[in-house]
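If you want the building blocks of each chain, they are given just below.
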Amino acid sequence: MELTGESDNMIALIQLSEHFTLPEATLSSTAERSGIDNSCTDVGILTTMKVTATYMERVRTLLSNPLHIDSWYRCLELNRILHSKDTSQHILGEAVDFLCPAFGTPAQIAHKIVDNATIIGYDQLIMEYSWVHISFSNRNRRQVLSLLHNGEYTRGITDLDGNPC
């Protein structure tokens, strides 16, 4: 089900949670540069994004600082331009790429989240080059990966060469 007509104007006002808004969750400089409409009007995905926002509030509280959201919801077209899989949790509004510069590096953020996994309740956590990817779903795998310089993934929190950090 999608929202249309007058409801479109209401979408810009949607507060997903205390600290996260729908415009923040759909903002993408890549989409803007590419002329892609990354807005979301699907009620199911909007509902999922509200659930994700609830979990992100836990992350924000854990890190005791505001988060900088780099990527949250991605329409399929945007996701493909970013060379991500069509199965990406970003398409469903379940995944967020973020930083928290006031807290520390992506490695420090990832370690803090892993150390508090029962509080955060993530599905997947990936330490990427310059941000942390986290997702939430009913699978709750608590999978921890790191992206390597060759584009592959390894288990755990590592540097770009796969050495624990």
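Colleague: Is there a simple way to explain the environment of Asp-42 in this structure?
Modeller: Note on placement: Asp-42 falls in the loop between helix H3 (29–34) and helix H4 (43–63). Within polar-contact distance, the side chain of Asp-42 engages the backbone nitrogen of Gly-44 at 2.9 Å.

Colleague: Whenever I open this one, the layout of surface pockets confuses me. Can you help?
Modeller: Vacant regions in the atomic arrangement are exposed by a probe of water-molecule size rolled over the atoms. One number sums up the size of the largest pocket: a volume of about 880 Å³. As for the largest pocket, its lining consists of 35 residues, and the residues nearest its centre are Arg-74, Ser-84, His-90, Glu-128 and His-133. Elements with a contribution of two residues or more to the lining of the largest pocket: H3, strand E1 (68–71), strand E3 (124–127) and strand E5 (143–147). Per-element accounting of the lining of the largest pocket gives the leading share, 4 residues, to E1. Here the residues of the lining of the largest pocket are counted per class, giving 12 nonpolar, 14 polar and 9 charged.

Colleague: Where do I start with H4 in this structure?
Modeller: Note on helix geometry: an α-helix contains 3.6 residues per turn, so any two residues three or four positions apart are oriented the same way. The end-to-end C-alpha separation of H4 is 30 Å, in line with the 30 Å expected for 21 residues at 1.5 Å each. Looking at H4, one finds that the buried residues are Ile-45, Leu-46, Met-49, Thr-52, Ala-53, Met-56, Glu-57, Val-59, Leu-62 and Leu-63. Here the buried face of H4 lies against helix H2 (22–26), E1, strand E2 (95–99), helix H6 (106–115), helix H7 (117–120) and strand E4 (132–135). One side-chain oxygen of the residue at the start of H4 lies 2.9 Å from the amide nitrogen of Gly-44, identifying that residue as Asp-42.

Colleague: Please clarify how unusual backbone geometry should be interpreted in this entry.
Modeller: Both trends apply: most residues other than glycine have a negative phi, and most peptide bonds are in trans. Positioned with a positive phi, Ser-64 is a non-glycine residue whose angle comes to about 55°. In this structure, Ser-64 sits in the loop between H4 and E1. Backbone geometry places His-83, a non-glycine residue, at a positive phi of 60°. Position of His-83 relative to the elements: it lies in the loop between helix H5 (76–81) and E2.

Colleague: Where do I start with the sheet that holds strand E6 (residues 153–155) in this structure?
Modeller: Adjacent strands of a sheet pair through backbone hydrogen bonds, lying either parallel or antiparallel. Read from one edge of the open sheet, 6 strands run E1-E2-E4-E3-E5-E6, paired in mixed fashion. Of all the strands in the sheet, the pair left with one neighbour each is E1 and E6. Within the sheet, the average angular offset between the axes of one strand and its neighbour, ignoring direction, is 30°. Here E5 runs beside E6; their pairing, made up of 3 bridges, is antiparallel. In the strand pairing of E6, Leu-147 is matched with Tyr-153. Across the sheet, H4 lies against E1, E2 and E4, angled at about 25° from E2, the strand it touches most. Of the strands in this sheet, E2, E3, E4 and E5 are in contact with H6, which crosses E3 at around 155°.

The rules behind these values
Residues numbered from 1 in each chain as written. Predicted model: local features only at pLDDT ≥ 70, side-chain atom pairs only at ≥ 80, totals over all residues. Heavy atoms only, no water. Helix = DSSP H or I, 4+ residues; strand = E, 2+ residues; numbered from the N terminus. Polar contact = N/O pair within 3.5 Å; in protein donor to acceptor, adjacent residues only side chain to side chain. 1 Å grid on protein atoms, 1.4 Å probe; cavity = no way out; pocket = protein on both sides within 12 Å on 5 of 7 lines; lining within 4 Å. Points joined across faces, edges and corners; volume = space filled by probe spheres on them. Nonpolar A, V, L, I, M, F, W, Y, C, P; charged D, E, K, R; others polar. Expected span 1.5 Å × (residues − 1). Buried < 20%, exposed > 50% of the residue type's maximum accessible area, 1.4 Å probe, protein only. Contact = heavy atoms within 4.5 Å. Pairing = 2+ DSSP bridges. Axes fitted to C-alpha atoms, helices over the stretch in contact; angles between N-to-C directions.

Note that every value here comes from positions in space, so none of it alone points to a role or purpose.
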